Amino acid sequence: MTRDEFNAFCASLKATSHVVQWGNADVWKVGGKVFAICGWNDGTDAFTFKATDLAYEVLQDQPGIRPAPYLASRGMKWLQVYDERGMSDASLRDHIVTSYEMVVAKLTKKMRAELGF
């Protein structure tokens, strides 16, 4: 997946917002909360997302995937796909959607209603 494809996919999800921060990273949010990031790997594209407990345990040691720098060191279960052999584009999209859904689920009822969920 390219950065442009990543951005287009994240933009297609309902009620998302995009900012560029943290050293030119594309940061995608829903309800003001981050669900996906592209950037952070020595100048090449890397894709970071919030993971379920199971996905974190299973995927963190796979080639091309690692606990997300900074986020995982703070005890959060975020993964980073830093090499294209880490996972297919379809799997990456599935994990981004799961991350998005996890973030939406943690929003307040009021915020979900304001966003149309």
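Please read these numbers as outputs of a predicted model, since none were measured by experiment.

### Topic: the overall build of the protein chain
1) Next: The secondary structure content of the protein chain amounts to 4 helices and 6 strands.
2) Next: Listed N to C, the secondary structure of the protein chain is α-β-β-β-β-α-β-β-α-α in terms of helices and strands.
3) Next: For the protein chain, whose C-alpha radius of gyration is 14 Å, the value lies close to the compact-globule estimate of 13 Å for 117 residues.
4) Next: The principal-axis extent of the C-alpha atoms belonging to the protein chain is close to 40 × 30 × 25 Å.
5) Next: For the protein chain, the residues scored as buried account for 39% of the 117 residues in total.
6) Next: Of the roughly 6,400 Å² of accessible surface on the protein chain, 52% is carried by carbon and sulfur atoms.
7) Next: A gap of 12 Å separates the mean positions of the 14 positive and 14 negative side-chain charges of the protein chain.

### Quick word on the pattern of salt bridges
1) Next: For the coordinates displayed, the defined rule picks out 3 salt bridges.
2) Next: Between aspartate 45 and arginine 3 there is a salt bridge, and its shortest N-O distance comes to 3.1 Å. Remark: arginine 3 occurs in helix α1 (residues 3-12) and aspartate 45 occurs in the loop between β3 (33-38) and β4 (47-50); sequence separation between them is 42 residues.
3) Next: For aspartate 53, the salt bridge goes to lysine 77, with nearest N and O atoms at 3.3 Å. Of the two residues, aspartate 53 is situated in helix α2 (residues 53-59) and lysine 77 in the loop between β5 (65-67) and β6 (78-81); the sequence distance between them amounts to 24 residues.
4) Next: When its relative accessible area of 32% is taken as the criterion, lysine 77 is described as partly exposed.

### What about the state of the cysteines?
1) Next: A complete count under the given rule lists 0 disulfides for this structure.
2) Next: You can see cysteine 10 has no disulfide; the closest cysteine sulfur is in cysteine 38, sitting 8.8 Å from it.
3) Next: Classification of cysteine 10 by relative accessible area gives buried; the value is 0%.

### Here we look at the side chain of arginine 3
1) Next: At 2.8 Å, the side chain of arginine 3 and the side chain of aspartate 26 are in polar contact.
2) Next: When near neighbours in sequence (up to four residues on either side) are disregarded, arginine 3 contacts Asn24, Ala25, Asp26, Cys38, Gly39, Asp45 and Phe47.

### So, the sheet that holds strand β1 (residues 16-21)
1) Next: What the 6 strands build is an open sheet, ordered β1-β2-β3-β4-β6-β5; its pairing is antiparallel. Edge strands, defined here as strands with exactly one partner in the open sheet, are β1 and β5. Here the average twist between neighbouring strands, direction ignored, is 25°.
2) Next: On the sheet, α1 packs against β1, β2 (25-30), β3 and β4 and is oriented at approximately 10° with respect to β2.
3) Next: Against the sheet, helix α3 (residues 89-106) contacts β1, β2, β3, β4 and β6, and its axis sits at roughly 40° relative to β4.

Reading the values: rules and limits
Residues numbered from 1 in each chain as written. Predicted model: local features only at pLDDT ≥ 70, side-chain atom pairs only at ≥ 80, totals over all residues. Heavy atoms only, no water. Helix = DSSP H or I, 4+ residues; strand = E, 2+ residues; numbered from the N terminus. Rg over C-alpha atoms; globule rule 2.2 N^0.38 Å. Buried < 20%, exposed > 50% of the residue type's maximum accessible area, 1.4 Å probe, protein only. Areas by Shrake-Rupley, 256 points an atom, 1.4 Å probe, with all protein chains shown as cover. Lys, Arg positive; Asp, Glu negative; His and termini not counted. Charge placed at Lys NZ, Arg CZ, Asp CG, Glu CD. Salt bridge = Lys/Arg side-chain N within 4 Å of Asp/Glu carboxyl O. Disulfide = S-S within 2.5 Å. Polar contact = N/O pair within 3.5 Å; in protein donor to acceptor, adjacent residues only side chain to side chain. Contact = heavy atoms within 4.5 Å. Pairing = 2+ DSSP bridges. Axes fitted to C-alpha atoms, helices over the stretch in contact; angles between N-to-C directions.

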